[in-house]
Amino acid sequence: MTRTLPLLLLLLGPLARAATVNVTVRDARGGAVNDAVVYAVPEGRELPLAKKSAIMDQKNRMFVPHVLPVQTGTSVRFPNSDDIRHQVYSFSSAKQFQIPLYKGTPANPVVFDRAGVVSLGCSIHDRMTAYVVVVDTPYFATTDRKGRGAISSVGAGKYSLRVWYPDMTTEPAPVPLTLAASDNQELVVTVRK
Amino acid sequence: MLVLAFASHANAGGALQWSGFALLRASNGADTTTLREKELSAQLHVGVDWSPSPFFAAHVHLLARSDDANARRGHFGIVEAYLEARNKYVRLRGGAFFLQTSRENVDALWEPAYTITPSALNSWLGEEFRPIGIDASFTHRGLTAGGTIYRGNDTFGGIPVERGWSMRDHWITLGEWIPVDPDYYTSASAENDHRAGWSARGAWTGANALVQLTHIDNRGDGLPYGRLFNWGTRFDIVSGEYSQGDWTLAAESGWGPSFLIVEGVKYTTDLRASYALVSRRFPRFRATLRADDFKARTHERALTFAFLWTPPGHLRPGFEVTTSDGEQRVIVELRYSFH
């Protein structure tokens, strides 16, 4: 116990010093906006490309999740969990690609190496749509049905809080944030929807 | 076998892609109009897709089958052939294609996903209706509006009225003539009266559900042209589906009049076809129960149970039993998908 406690403090120390930003996104009528991506972009410093992976699944002829935020550089796999074939494509400028008709999981993931919003579709099933939101920060979250998203493990510093949501026509003005270690901030952002 | 070997290599990369499936089917040889199925039959479906960019695609669907159902040019043919351009909201399709209505034929190459053979409604649409023209659709915020202007399909309506409904996967090919009675045929390629047909549809898509309304009007003049008899058919379809977890519910109901003119007298038959199915997916198989109700000159009902094994890999064995008006059809099938 004597040796474990310092080790635990060493491991958990950075987390204990990390901040959390709880963002609620509402529309002009006060209604919750779900599937919005809230993300904090550090000011004055660039972050290296992520070497992470993420998954956008296909179940019951729907993309799951409907909105997938990832950091620039993330590899995304597109497993097909249905027992029918799909053909995933995107013509968004941030990432144009198409995966030939398939079942199961394609051999190669798609690397999203440019920030922006990537709209997905399926050539066989018109109703299938989804978004991969590529952001230049590891600090992001997707809002739930109550419009709430929690950005956790954020280091101290200055940030610009941004919001994106499906069918957005005008991006809301960024909100400047200054975070201290262990901060726990609550923010409400109203968007035009 | 050569086609399968070539297809597996052709998918190595690039904008050209082959897909498809081959099936070997055995049945109890049911011989009613509704349930007719040869004791042994085989089909080969091949899809060729060329998509040099996400904005543009070309598609051809080829078919070869052992059972031609006594049709002219029924063994081999082109099922679909079209060009497609699309962006985030709009899709334009030009050529010959299935109309986007079915809630059962939701796999590539219009393959039924839940059963071996489709409902009477979609059997009819697959066997007698293939728009040859232009389809445009606009989708935004879960709502879709679409319209089609097409040629051909002047004889659409002859099968349910003259021959009777069937429940089988005989997709008509371009140029094929299917007999509807001893004297006349039906052909999706038939353009006798030089009057374009049209269709319109609207759909709402939610998180787990879809509802669609479709109107079809072939504007046929109802007159005979040699061995082809035009039918003037208008048909409305309401379709819906709901999925939750491993369960899927789907249903469609269609109705409308179809007429022909014999020696100056107009004869009209009201067509009606509906089905409802419930399907559950298990880790290695799928089970589906479907009830059909269809009417033209006679009123019939059918009940179908299908069991499809879906192990990893390319093979899909299946079993299906259908009862209709005291008759029973049993099908056992082995399907191999290559893509």
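Predicted, not measured: the structure shown is a model, and the values here were computed from it.

What counts as what
Residues numbered from 1 in each chain as written. Chains lettered and ligands numbered in written order. Predicted model: local features only at pLDDT ≥ 70, side-chain atom pairs only at ≥ 80, totals over all residues. Heavy atoms only, no water. Helix = DSSP H or I, 4+ residues; strand = E, 2+ residues; numbered from the N terminus. Buried < 20%, exposed > 50% of the residue type's maximum accessible area, 1.4 Å probe, protein only. Contact = heavy atoms within 4.5 Å. Areas by Shrake-Rupley, 256 points an atom, 1.4 Å probe, with all protein chains shown as cover. Lys, Arg positive; Asp, Glu negative; His and termini not counted. Charge placed at Lys NZ, Arg CZ, Asp CG, Glu CD. Rg over C-alpha atoms; globule rule 2.2 N^0.38 Å. Patch = residues over 30% accessible without salt bridge, like charges linked within 9 Å, V, L, I, M, F, W, Y side chains within 5 Å. Salt bridge = Lys/Arg side-chain N within 4 Å of Asp/Glu carboxyl O. 1 Å grid on protein atoms, 1.4 Å probe; cavity = no way out; pocket = protein on both sides within 12 Å on 5 of 7 lines; lining within 4 Å. Points joined across faces, edges and corners; volume = space filled by probe spheres on them. Nonpolar A, V, L, I, M, F, W, Y, C, P; charged D, E, K, R; others polar. Buried area = accessible area lost by both parts, 1.4 Å probe. Phe/Tyr/Trp six-rings, centres within 6.5 Å; stacked < 30°, edge-to-face > 60°. Lys NZ or Arg CZ within 6 Å of the ring centre and 35° of its normal. Core = buried A, V, L, I, M, F, W, Y, C linked by side-chain atoms within 4.5 Å. Pairing = 2+ DSSP bridges. Axes fitted to C-alpha atoms, helices over the stretch in contact; angles between N-to-C directions.

Caption draft 1: Seen up close, the overall build of chain A. Looking only at helices and strands, chain A features one helix and 17 strands. Taking the principal axes of its C-alpha atoms as reference, chain A extends roughly 55 × 50 × 30 Å. With 193 residues in all, chain A has 49% of them scored as buried. Nonlocal contacts in chain A, meaning residues at least 24 apart in sequence, comprise 62% of its contacts between residues at least 6 apart. Summed over all atoms, the accessible surface of chain A reaches about 9,600 Å², with 53% contributed by carbon and sulfur. If the 22 positive side-chain charges of chain A are averaged to one point and the 15 negative ones to another, these points end up 4 Å apart.

Caption draft 2: Quick peek at the overall build of chain B. Tallying secondary structure elements over chain B gives three helices and 20 strands in all. Compactness check: chain B gives a C-alpha radius of gyration of 19 Å against a globular reference of 20 Å for 339 residues, within 12% of the reference. Across its three principal directions, the C-alpha atoms of chain B cover 60 × 45 × 40 Å. Counting all 339 residues of chain B, 55% fall into the buried class. In chain B, the proportion of contacts linking residues at least 24 apart, taken out of those at least 6 apart, comes to 58%. Accessible surface, chain B: about 13,800 Å² in total, of which carbon and sulfur atoms supply 63%. Averaging the locations of the 34 positively and 37 negatively charged side chains of chain B gives two centres separated by 5 Å.

Caption draft 3: Focus on a nonpolar patch on the surface. All names here are of chain B. On the surface, Leu289, Leu303, Phe305, Trp309, Phe319 and Val332 cluster together to form a nonpolar patch covering roughly 520 Å² of accessible area. If you tally residues by element for the nonpolar patch, the top one is strand 18 (residues 299–309), at three residues. When you line up the elements, phenylalanine 319 lands in strand 19 (residues 315–324).

Caption draft 4: Layout of empty space enclosed by the protein. Residue and element names in this part refer to chain B. According to the stated counting rule, one finds three cavities of 30 Å³ or more in the structure shown. Surrounding the largest cavity, Arg25, Arg36, Glu37, Ser41, Gln43, Arg65, Asp67, Arg168, Asp169 and His170 form its lining. Looking at side-chain class alone, the lining of the largest cavity contains no nonpolar, three polar and seven charged residues. In this model, the second largest cavity occupies a volume close to 60 Å³. In terms of lining residues, the second largest cavity is bounded by Phe21, Leu23, Gln43, His45, Trp110, Glu111, Pro112, Asp169, Trp171 and Arg335. Among the elements of the structure, strand 1 (16–27) and strand 2 (40–53) are those that each provide at least two residues to the lining of the second largest cavity.

Caption draft 5: Highlighting the interface of chain B and chain A. Every contact between the two is made by 36 residues of chain B and, on the other side, 27 residues of chain A. Summing both sides of the interface, chain B and chain A together bury roughly 2,700 Å²; the carbon and sulfur share of this comes to 44%. The interface formed by chain B and chain A contains seven salt bridges. Across the salt bridge formed by A:Arg61 and B:Glu241, the nearest N and O atoms sit 2.7 Å from each other.

Caption draft 6: Inspection of the packing of aromatic side chains at higher detail. The tally for this structure, following the rule as stated, stands at 23 aromatic pairs over all chains. Consider the rings of A:Phe78 and A:Phe97, whose centres lie 5.7 Å apart with planes at 40 degrees: the pair is tilted. Residue A:Phe78 is located in the loop between strand 7 (74–77) and strand 8 (88–92), and its partner A:Phe97 is located in strand 9 (residues 95–98); the two are separated by 19 residues in the primary sequence. Accessibility classification places A:Phe78 together with A:Phe97 in one group, the buried group. Ring pairing ties together the aromatic residues B:Trp124, B:Phe129, B:Tyr150, B:Phe156, B:Trp165, B:Phe235 and B:Phe294, which thus form one cluster. Here the basic side chain of B:Arg86 rests over the ring of A:Tyr89, its NZ or CZ set 4.1 Å away from the ring centre. Geometry around B:Phe259 places B:Lys266 over its ring, the cationic atom sitting 4.3 Å from the centre.

Caption draft 7: Local environment of the pattern of salt bridges. In the structure shown here, the tally under the stated rule is 34 salt bridges over all chains. In this structure, B:Arg290 engages B:Glu104 in a salt bridge whose closest nitrogen and oxygen atoms are separated by 3.1 Å. Of the two residues, B:Arg290 sits in strand 17 (residues 285–295) while B:Glu104 sits in the loop between strand 5 (90–96) and helix 2 (120–128), which places them 186 residues apart along the sequence. Grouping residues by exposure puts B:Arg290 and B:Glu104 together as buried. Overlapping salt bridges bring together A:Arg85, B:Arg25, B:Glu37, B:Asp107, B:Glu111, B:Asp169, B:Arg316, B:Glu333 and B:Arg335 as one network.

Caption draft 8: Representation of the nonpolar core within the structure. Residues and elements named next belong to chain B. Core analysis: the largest hydrophobic core is formed by 31 residues, its most contacted members being Trp124, Leu125, Trp165 and Ile216. Mapped onto this core, the elements with two or more residues apiece are helix 2, helix 3 (158–163), strand 14 (232–244) and strand 16 (265–281). For this core, the leading source of residues is helix 2, giving four residues. Every residue in contact with isoleucine 216, bar those within four places of it in the chain, is listed here: Leu99, Phe129, Tyr150, Phe156, Trp198, Ser199, Thr233, Arg234, Phe235 and Ile237.

Caption draft 9: Broad picture of the sheet that holds strand 1 (residues 19–27) of chain A. Residues and elements named next belong to chain A. Judged by pairing direction, the sheet is mixed, and its three strands sit side by side in the order 14-1-17 without closing on themselves. Pairing within the sheet leaves two strands with one partner each, and these edge strands are strand 14 (148–154) and strand 17 (184–191). For this sheet the average axis-to-axis angle between neighbouring strands, irrespective of direction, equals 20 degrees. Here five bridges tie strand 1 to strand 14, and the two strands are oriented antiparallel to one another. Across the sheet, the residue bridging to threonine 24 is arginine 148, located in strand 14.

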